[in-house]
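# Report on the structure
Listed here are the chains, written in short residue letters.
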Amino acid sequence: MRVITRREQSKKAGVGYGGAALAATEGLSDAIFDGRPTPREILARNWLPEGAVHQQRTLSTQIDSDRYLLGPQVVITRDDMRRVTWAAGVEAGALILSQYAGPNVERNTGQRIERRVLTRAPVWRYALALDKFSGQPGVAWIAGAPGRRTLWLDGEAVKTKAADVDFPFLAFSQVPVGRVQTKAPPFGVLGYKDRASGKLYLRRIEGGKLGEEQVVAEEALGGVSFAIYGDEVLARVDLLKSGQPVPALIRSSDGGRRYSKPEPIDLSGLKGFTPAPGYAKPIVDKGGSFHVPLALNDRDEALAVNYVVAEKALVEAIRVKGLTRKVAVEVFPSTIGGRNSFGNGVSDGHGLIMVLSTEEGQLFSSNSSAGGIYFPPSALLNYEMPLVAGFSASECYSAGQKANMVSMDYLFVESNDLGEPISSRLHFETWDMPLPLPQATATASGSKVELKIQADCDLEPGKVRIAFDDPAVTVTDVTIKDLRSAVIETDARDVKGKVMSFDVLTLFHRHHGEVVIH
């Protein structure tokens, strides 16, 4: 297996890392995903909490455990087409689905929040999957106490052979981030586990009906997660061998009708590190390539790795002191200048965001605009948000409010510096991340200007606004020749030396750049 190290990416010498492997963890079981109880929040009477003063959004004030945020199940997701975020939380025994519609620069609308109760039964765990065509999320959940759990899908009880069902996961076959879904998804897949037998089940969903249960693995730690693109289904499990989790992939090329046997991922090139449990979900980038996030530990260091499936390459993304609690990868709405899974090494790839949390409650990220072969040094996020005991993040998106910026929505439970939950409040936070500034050249020929984009922007017809720093210059026509070039006509005799700006606002991204005309 090819391993693309941090040293190879940055080409900086003299960086060394410790390498002793962790001793095999004894007694690993599904209980590691059952979480820790959250304490009741204590507030002084007649005082407002800091979050209320600064308008921090709270999804719930009575979450009973951090288990809802420990596994790969999706509990918050973004609808790019309609510019809304869906999030679900358990409060006082009820499962509540919330819809956050942020300010819309195109429609000049303000923020709107809607909530609805999905069930008042005691919910143990739950998962969302957005149908991008209808704009409605599918929801699977587990109700009841351990040993008496039942599985539900969109309000209907699901019959299953599982005696003690848990770890729901749900996904649809549809286009990835940055593309428009033009028809209803042809199928979906529902996954779950029988904790009594250890069997992992996958079921195809077609026409609103569930297919037969298929056992795809046994003796795994936790459940199963997966991503779908076309008829390709890529599932991730953590096999349990000799007390150690072994990340493995399960594949289907016929829309989930048949599955391969679990194939362990070759981690032999990452000497000194052992996989951490978590079976983090795979994702599909804008170009249709699958990526699988992996979390590993040595004695005092955590490592987040992106496995680029088509390239059979493991790419180091984040390496920090401490032990990892959870890792995830999400896609941001990149440009389409580079059509392969690796981009050009710097920009214009199918962008990825890798996120890693440590047992001490710190949250780190690394933003790969090159599609996964190059990750810059990790950034600590806790300067913007408190320490986290558990988190879940949405896909990245552009709200259109700021140019050259993408955002992610987080749900998290706050922790102390030991990583223990300190509150029953489930926070909703939006974090903004800058994108590379567009690179362009502009050449004048009399009153005309030819604009050419080198990187980090696409000129989509009908979505481009051109302006000049000189108010005496008026734009009379703009012709978009292709995604990287345009001809601008003006009423001026000569525009050489003037500064021209271009602003591109689409459903998926907003780019702004300036260029001196030559």
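Residues numbered from 1 in each chain as written. Predicted model: local features only at pLDDT ≥ 70, side-chain atom pairs only at ≥ 80, totals over all residues. Heavy atoms only, no water.

## A look at the confidence of the model for the protein
- Mean pLDDT for the protein: 88, with 90% of residues reaching 70 or above.
- The model gives residues 12-26 a pLDDT under 50, and that stretch makes 24 contacts with residues more than four places away or in other chains. (pLDDT = per-residue confidence, 0-100. Contact = heavy atoms within 4.5 Å.)

## Focus: the side chain of D298
- With respect to the helices and strands, the residue D298 is situated in the loop between strand 22 (290-297) and strand 23 (301-308).
- Salt bridges are absent for the buried D298, whose nearest opposite-charge side chain, R319, sits at 6.0 Å.
- Here the side chain of D298 touches D300 through a polar contact of 3.0 Å, landing on its backbone nitrogen.
- Among the polar contacts made by the side chain of D298, one reaches the main-chain amide nitrogen of E301 at a distance of 2.6 Å. (Helix = DSSP H or I, 4+ residues; strand = E, 2+ residues; numbered from the N terminus. Buried < 20%, exposed > 50% of the residue type's maximum accessible area, 1.4 Å probe, protein only. Lys, Arg positive; Asp, Glu negative; His and termini not counted. Salt bridge = Lys/Arg side-chain N within 4 Å of Asp/Glu carboxyl O. Polar contact = N/O pair within 3.5 Å; in protein donor to acceptor, adjacent residues only side chain to side chain.)

## Considerations on the pattern of salt bridges
- The final tally for this structure, using the stated rule, is 24 salt bridges.
- Two residues, R125 and D34, come together in a salt bridge whose shortest N-O distance is 3.2 Å. Separated by 91 residues along the polypeptide, R125 in strand 7 (residues 123-130) and D34 in the loop between helix 1 (6-10) and helix 2 (50-53) bring together distant segments of the chain.
- Through salt bridges that share partners, D30, D34, R125, D166, K193 and R195 make up one connected network.

## Things to note about the environment of F502
- Secondary-structure assignment places F502 in strand 37 (residues 499-505).
- When its relative accessible area of 0% is taken as the criterion, F502 is described as buried.
- Aside from chain neighbours lying at most four places away, what touches F502 is P438, A440, L451, I453, C457, R465, I466, H511, H512, G513 and E514.

## A look at the packing of aromatic side chains
- Taken as a whole, this structure holds nine aromatic pairs when the rule is applied.
- Their ring planes at 85° and their centres at 5.8 Å tell us that F33 and F167 sit as a pair that is edge-to-face. Note that F33 is positioned in the loop between helix 1 and helix 2 and F167 in strand 11 (residues 165-172), a separation of 134 residues in sequence. Across the pair, F167 and F33 agree in class, each one buried.
- Ring geometry for Y68 versus Y126: centroids 5.6 Å apart, planes at 35°, classification tilted. Pair noted here: Y68 is in the loop between strand 2 (57-60) and strand 3 (76-79) and Y126 is in strand 7, with a separation of 58 residues, a long-range link. Across this residue pair, the class does not change: Y68 and Y126 are buried.
- Three or more aromatic residues link up through ring pairs in this structure, and these residues are F33, F167 and Y279. (Phe/Tyr/Trp six-rings, centres within 6.5 Å; stacked < 30°, edge-to-face > 60°.)

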